[in-house]
Amino acid sequence: MSGITGISTTFALPNYHGELIGLTPTDTPLLSLAGGIGGGKETKAPAFEWQAEDLRAPAIRARLEGADAPTAEARVRTNYTNQCQIFQEQVATSYTKQAATAQYTTAKVDGVSNPVVDEHAHQVSLALKTIARDVNYAMWHSVKNAPSDNTVARTMGGLLSIIPAGNRSGTVVSGLSTGADTIAETGTALSNGDRVVFTAPPAELRYDIAYYVVNKATDSFKVSLTSGGTAITIATGQSGIAYVKAATTLTDTLINTVAQAIFDNGGMSEGDTATMFVSSTQKAKLTAVYAALYGKANTYAGTRNVAGLNLQTLQTDFGLLNVVIERALPPDAISFASMEQIDPVFLSIPGKGVLFEEALAKTGASEKTQIYGEIGLSYGNPYAHGVIRGLAL
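Residues numbered from 1 in each chain as written. Predicted model: local features only at pLDDT ≥ 70, side-chain atom pairs only at ≥ 80, totals over all residues. Heavy atoms only, no water.

Engineer: Provide a residue-level description of the overall build of the protein chain, including the pertinent values.
Structural biologist: A count of helices and strands for the protein chain gives six helices and 19 strands. Dimensions of the protein chain, computed from C-alpha atoms along their principal axes, come out at roughly 90 × 55 × 55 Å. For the protein chain, buried positions account for 41% of its 393 residues. Excluding contacts between residues fewer than 6 apart, the proportion of contacts in the protein chain whose partners are at least 24 apart in sequence is 77%. By element, 52% of the accessible surface of the protein chain is carried by carbon and sulfur atoms, the whole surface being about 21,200 Å². Of the side-chain charges in the protein chain, 28 are positive and 34 negative, and the distance between the mean point of each set is 3 Å. (Helix = DSSP H or I, 4+ residues; strand = E, 2+ residues; numbered from the N terminus. Buried < 20%, exposed > 50% of the residue type's maximum accessible area, 1.4 Å probe, protein only. Contact = heavy atoms within 4.5 Å. Areas by Shrake-Rupley, 256 points an atom, 1.4 Å probe, with all protein chains shown as cover. Lys, Arg positive; Asp, Glu negative; His and termini not counted. Charge placed at Lys NZ, Arg CZ, Asp CG, Glu CD.)

See below:
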């Protein structure tokens, strides 16, 4: 059975015959569209910055003949900052496992040999894929933290945390705390069976999972992975908890409203890079919404997809949007991004590069290396992006 172990040994990683199939998806849409784990910008400090400036609103400014020049109006610049977050993994392979490339658990079938002949190199490649998935997830969900000393880890500000209020749709309930294995909330309108997604979850919960409300009381509730299921244990004393109830019906009007807010604030100006990221749940609902609206058209025109529509681009009143499924997005969310303004930013380590593997000190009969990189997110104008939260599942 697949899983995770520490050091690679012949007991944890016996060789098998036949094709090696990865069980975990490795796609990283936001990171890949922004340049990937090997692209983007470089910085020479853990904290990096960029700047923005605006122009005044256009107006009819009549000038008198022969008058002095008007008062000077220098345009003030705005500073944006973000942090490089450390991504670090260790790979360890025993000497025995490095040598035992012909150890099989079954007889050789149809002449197909073991597909992994260099276990350490294979585990390094898996660690790189793991880091890429973590970077992609952090680019969505991480909240910026710039600590004053080395006792607290630096974290980047992810896209969902920096989008301004005017470019958001959905009511977030915030400022909650945990106590006695519950989430405290006075006067909550939640009921058992409701679905909630946490925008600031307790340590035991995740950003990208919709939970069911269980054990609802007057001033508290618990959550479960299944309807009416066992409540998840939550440690007491946590604060700053926030959630959104997944109950809003997705409509074309809602999409257009957020798209208009982004357009009015200077986003979605590049037709080739304006992108709508959707969870798998909302991708299906998005297709259903527009299929219902325009069902009188020939839904099979130009395609041989017998199952029906596959919405890959969406023409709105404010521009064409590329539609991309993003596994890291919460199931209640649709996010809009002006991708021409988004870049991963890498801290360049002298003599090593931006994401590198190096040997660790010998402490036993194994080969130990680490993969290290410091990566942040440059998102340009925060008003160029938007999000819809709380969509029904």
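Engineer: Any chance you could break down helix 6 (residues 280-293) for me, citing the residues and the numbers?
Structural biologist: Between the first and last C-alpha of helix 6 there are 20 Å, a value that for 14 residues agrees with the 20 Å anticipated at 1.5 Å per step. For helix 6, every residue scored as buried is listed here: Gln282, Lys283, Leu286, Thr287, Val289 and Tyr290. Projected onto a plane normal to the axis of helix 6, the buried residues spread over an arc of 160° and lie on a single side. Those residues of helix 6 that are exposed and aimed more than 90 degrees away from the buried face are Ser280, Ala284 and Ala292. Tucked into the core, helix 6 has its buried residues touching helix 5 (252-264), strand 12 (274-278), strand 13 (313-316), strand 14 (319-325) and strand 15 (334-338). (Expected span 1.5 Å × (residues − 1). Arc of directions from axis to C-beta.)

Engineer: Give a description of unusual backbone geometry that names residues and reports values.
Structural biologist: With phi around 55°, alanine 180 is a residue other than glycine that occupies positive phi space. For alanine 180, a relative accessible area of 65% corresponds to the exposed category. The phi torsion at aspartate 181 lies on the positive side, around 65°, for a residue other than glycine. Mapped onto the fold, aspartate 181 is located in the loop between strand 6 (172-179) and strand 7 (182-184). The exposure class of aspartate 181 is partly exposed, given its relative accessible area of 24%.

Engineer: Provide a residue-level description of the nonpolar core, including the pertinent values.
Structural biologist: One finds Met139, Trp140, Phe277 and Ile342 to be the most contacted residues of the largest nonpolar core, which totals 39 residues. Mapped onto this core, the elements with two or more residues apiece are helix 1 (29-34), strand 2 (47-53), strand 4 (85-94), helix 3 (119-141), helix 4 (159-162), strand 16 (343-347) and strand 18 (366-378). Here the element with the most residues in this core is helix 3; it accounts for nine residues. Look past the residues within four positions of tryptophan 140 in its chain and what remains in contact with it is Leu30, Gly158, Leu159, Leu160, Ser161, Phe277, Glu326, Ala328, Leu329 and Ser335. (Core = buried A, V, L, I, M, F, W, Y, C linked by side-chain atoms within 4.5 Å.)

Engineer: Please set out the sheet that holds strand 10 (residues 220-224) residue by residue, giving values where relevant.
Structural biologist: The strand order around the closed barrel formed by six strands is 6-7-10-9-8-11, and the pairing between neighbours is antiparallel. Across this sheet, the average inter-strand angle for adjacent strands is 50°, counted without regard to direction. Pairing of strand 7 with strand 10, which is carried by two bridges, proceeds in the antiparallel orientation. Each residue of the ladder has a partner; that of alanine 184, found in strand 10, is serine 220. (Pairing = 2+ DSSP bridges. Axes fitted to C-alpha atoms, helices over the stretch in contact; angles between N-to-C directions.)

Engineer: Go over the packing of aromatic side chains with me, naming the residues and quoting the values.
Structural biologist: Applying the stated criterion across every chain yields a total of 11 aromatic pairs. Members of the aromatic cluster, each reached through a chain of ring pairs, are Phe48, Trp50, Tyr80 and Tyr379. Above the face of the tyrosine 212 ring, arginine 195 is positioned so that its terminal group lies 4.1 Å from the ring centre. (Phe/Tyr/Trp six-rings, centres within 6.5 Å; stacked < 30°, edge-to-face > 60°. Lys NZ or Arg CZ within 6 Å of the ring centre and 35° of its normal.)

Engineer: Provide a residue-level description of the sheet that holds strand 12, including the pertinent values.
Structural biologist: Spatially, six strands are ordered 5-19-15-12-14-13 in an open sheet, and the strand pairing comes out mixed. Each edge of the open sheet carries a strand with a single partner, namely strand 5 (168-169) and strand 13. The pairing of strand 12 with strand 15 spans five bridges and is classified as antiparallel. Bridge pairing in strand 15 places phenylalanine 277 opposite serine 335. Taken strand by strand, helix 5 contacts strand 5, strand 12, strand 13, strand 15 and strand 19 (386-388), and its axis lies near 160° from that of strand 19.

Engineer: How would you explain the environment of glycine 66 if you had to name every residue and give the values?
Structural biologist: Take glycine 66: it is sitting in the loop between strand 2 and strand 3 (77-83). Judged by its relative accessible area of 76%, glycine 66 is exposed. Taking C-alpha positions, glycine 66 is 45 Å from histidine 385, a pair spaced 319 residues apart along the chain.

Engineer: Before we move on, could you go through the side chain of threonine 28 and cite the residues and values that matter?
Structural biologist: With respect to the helices and strands, the residue threonine 28 is situated in the segment before helix 1. The class for threonine 28 is buried, based on a relative accessible area of 8%. Not counting chain neighbours up to four residues away, the residues in contact with threonine 28 comprise Ala132, Arg133 and Asn136.

Engineer: If you had to explain the side chain of lysine 368 to someone new, which residues and values would you point to?
Structural biologist: Here lysine 368 lies in strand 18. Within the local environment of lysine 368, its side chain forms a polar contact with the side chain of serine 366, the two groups lying 3.5 Å apart. With sequence-adjacent residues up to four places away left out, lysine 368 is seen in contact with Gln90, Val91, Ala92, Glu358, Ala359, Leu360, Ala361 and Thr363. (Polar contact = N/O pair within 3.5 Å; in protein donor to acceptor, adjacent residues only side chain to side chain.)

Engineer: Any chance you could break down the pattern of salt bridges for me, citing the residues and the numbers?
Structural biologist: Using the criterion set out here, one finds 12 salt bridges in the structure. Of the charged contacts in the structure, one is a salt bridge between lysine 352 and glutamate 358, with a shortest N-O distance of 2.8 Å. Here glutamate 367 makes a salt bridge to lysine 362, at a shortest N to O gap of 3.0 Å. You can call glutamate 367 partly exposed: its relative accessible area is 26%. (Salt bridge = Lys/Arg side-chain N within 4 Å of Asp/Glu carboxyl O.)

Remember, this is a structural readout, not a statement about activity or role.
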